[in-house]
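Inside the fold
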Amino acid sequence: MVEQVRDFSELKTTLIKAPAKPAETQAAAGENRPKLDKKGRAYATGKRKNAVARVWIKPGAGRIKINDKEEGVYFARPVLRMILRQPLVAAGRDGQFDVICTVVGGGLSGQAGAVRHGISKALIAFEPGLRPVLKQGGFLTRDPRVVERKKYGRPKARRSFQFSKR
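Remember, it's a predicted structure, so these values are computed and weren't measured experimentally. (Residues numbered from 1 in each chain as written. Predicted model: local features only at pLDDT ≥ 70, side-chain atom pairs only at ≥ 80, totals over all residues. Heavy atoms only, no water.)

**With respect to the overall build of the protein**
Here is the rule: Each helix corresponds to a stretch of at least 4 residues labelled H or I by DSSP, and each strand to a stretch of at least 2 residues labelled E; elements are numbered beginning at the N terminus. For every residue, the accessible area (1.4 Å probe, protein chains only) is compared with the maximum for its type, and the residue is labelled buried under 20%, exposed over 50%, or partly exposed between those bounds. The criterion used for residue contact is that any of the two residues' heavy atoms lie within 4.5 Å. Residue burial considers only the protein chains on display, and all accessible areas are found by Shrake-Rupley using a 1.4 Å probe.
Assigned secondary structure in the protein consists of six helices and five strands. Starting at the N terminus and ending at the C terminus, the protein contains elements arranged as α-α-β-β-β-β-α-α-β-α-α. Taken over 166 residues, the protein has a buried fraction of 28%. Considering only contacts within the protein whose residues lie at least 6 apart along the sequence, 65% involve residues at least 24 apart. About 11900 Å² of surface is accessible on the protein, with carbon and sulfur atoms providing 55% of the total.

**Some remarks on the pairing of strand β1 (residues 42-48)**
The side chains of a regular strand alternate, residue by residue, between the two faces of the sheet. Operational definition: Between any two strands, pairing holds if DSSP finds at least two bridges.
Across the two faces of β1 the burial differs, with Ala42, Ala44, Gly46 and Arg48 buried and Tyr43, Thr45 and Lys47 not buried at all. Across seven bridges, β1 lies against strand β2 (residues 51-59) in antiparallel orientation. Paired with arginine 48 across the bridge in β2 is alanine 51. Two successive antiparallel strands, β1 and β2, enclose a turn made up of two residues, where lysine 49 displays a positive phi of approximately 50°.

**Comments concerning the pattern of salt bridges**
Put simply, the rule reads: Salt bridges, as used here, are contacts in which a Lys or Arg side-chain nitrogen is within 4 Å of a carboxyl oxygen on Asp or Glu.
Applying the stated criterion across every chain, the model contains nine salt bridges. Where aspartate 98 meets arginine 63, a salt bridge forms, and the shortest distance between an N and an O atom there is 3.5 Å. Within this pair, whereas aspartate 98 is found in strand β5 (residues 97-104), its partner arginine 63 is found in the loop between β2 and β3 (64-66), the two being separated by 35 residues in sequence. Its relative accessible area of 8% is what places aspartate 98 among the buried residues.

**Regarding the packing of aromatic side chains**
For clarity, the threshold we go by: Ring pairs shown here join Phe, Tyr and Trp side chains whose ring centres sit within 6.5 Å, with only the six-membered ring taken for Trp; geometry is labelled stacked below 30 degrees between planes, edge-to-face above 60, and tilted in between.
Tallied over the full model, the rule gives three aromatic pairs. Centre to centre, the rings of tyrosine 74 and phenylalanine 75 are 5.0 Å apart; their planes meet at 85°, and the pair counts as edge-to-face. There is no split in this pair, since tyrosine 74 and phenylalanine 75 are both buried. Judged by centre distance (5.0 Å) and plane angle (80°), the ring pair of phenylalanine 97 and phenylalanine 126 falls under edge-to-face. Separated by 29 residues along the polypeptide, phenylalanine 97 in strand β5 and phenylalanine 126 in helix α5 (residues 108-126) bring together distant segments of the chain. One exposure class covers both phenylalanine 97 and phenylalanine 126, and it is buried.

**A few points about the packing of helix α4 (residues 78-91) against α5**
Put simply, the rule reads: Orientation is described by lines fitted to C-alpha atoms, with helices fitted over the stretch in contact, and by angles between N-to-C directions that extend from 0 to 180 degrees. Angles below 35 degrees are treated as roughly parallel, those above 145 as roughly antiparallel, those between 65 and 115 as roughly perpendicular, and all remaining angles as oblique. Should the near helix be turned anticlockwise from the far one by less than a right angle, the crossing is left-handed, and should it be turned clockwise, the crossing is right-handed. In the scheme used here, Gly and all other residues not listed as nonpolar or charged are polar, with Ala, Val, Leu, Ile, Met, Phe, Trp, Tyr, Cys and Pro taken as nonpolar and Asp, Glu, Lys and Arg as charged.
Two elements in contact, α4 and α5, have axes separated by 8 Å at closest approach and are oriented at 15°. When the interaxial angle is binned, α4 and α5 end up roughly parallel. Pair α4 / α5 crosses with right-handed handedness. Seen from α4, the contacting residues are Leu80, Ile83, Leu84, Gln86, Pro87, Leu88 and Ala91; seen from α5, they are Leu108, Ser109, Ala112, Gly113, Val115, Arg116, Ile119, Ser120 and Leu123. Residues of the contact of α4 with α5, tallied by class, amount to 11 nonpolar, four polar and one charged.

**Notes on the side chain of serine 120**
Tracing the backbone shows serine 120 in helix α5. For serine 120, the contacting residues outside a window of four places in its chain are Pro87, Leu134, Phe139 and Leu140.

**Looking at the side chain of glutamate 71**
Within the secondary structure, glutamate 71 sits in helix α3 (residues 71-74). Dropping the residues within four chain positions of it, glutamate 71 is found in contact with Ile64, Ile66, Arg81, Leu84 and Arg85.

Printed below as a string of structure tokens:
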């Protein structure tokens, strides 16, 4: 049904009556909905240096398991365990979620950073309202720094052989 418009004042009222598109309203409503699997877990992938962590979180007692080991066994240094818990503490959810993750590649420091990145992304998948807090803390940014490659004619990436005048 087409309406006849005679002047600009009628055009304004016609535009206001136009119905909203259903696809736009569904997309806006779906952004704040948690993304959970059939077991009620949120999944995310975290990366740092050469390490890649696959992280699942679910409501629980606050246990963290990395490659089927407790966090204190896998990451013996307290600094690495602190890095893991940073997003949970910043979001005020420490002790409320069980974290299960598998991590491959890199060293322990890179793996801890990858798990932290994965936990942050999984928290957003579970509770989208936490995004501003985690974004402000810098937990969602993937750290792009990686080891520089070795150059030919040099012993390391930038180191030169010792100069000798003889």
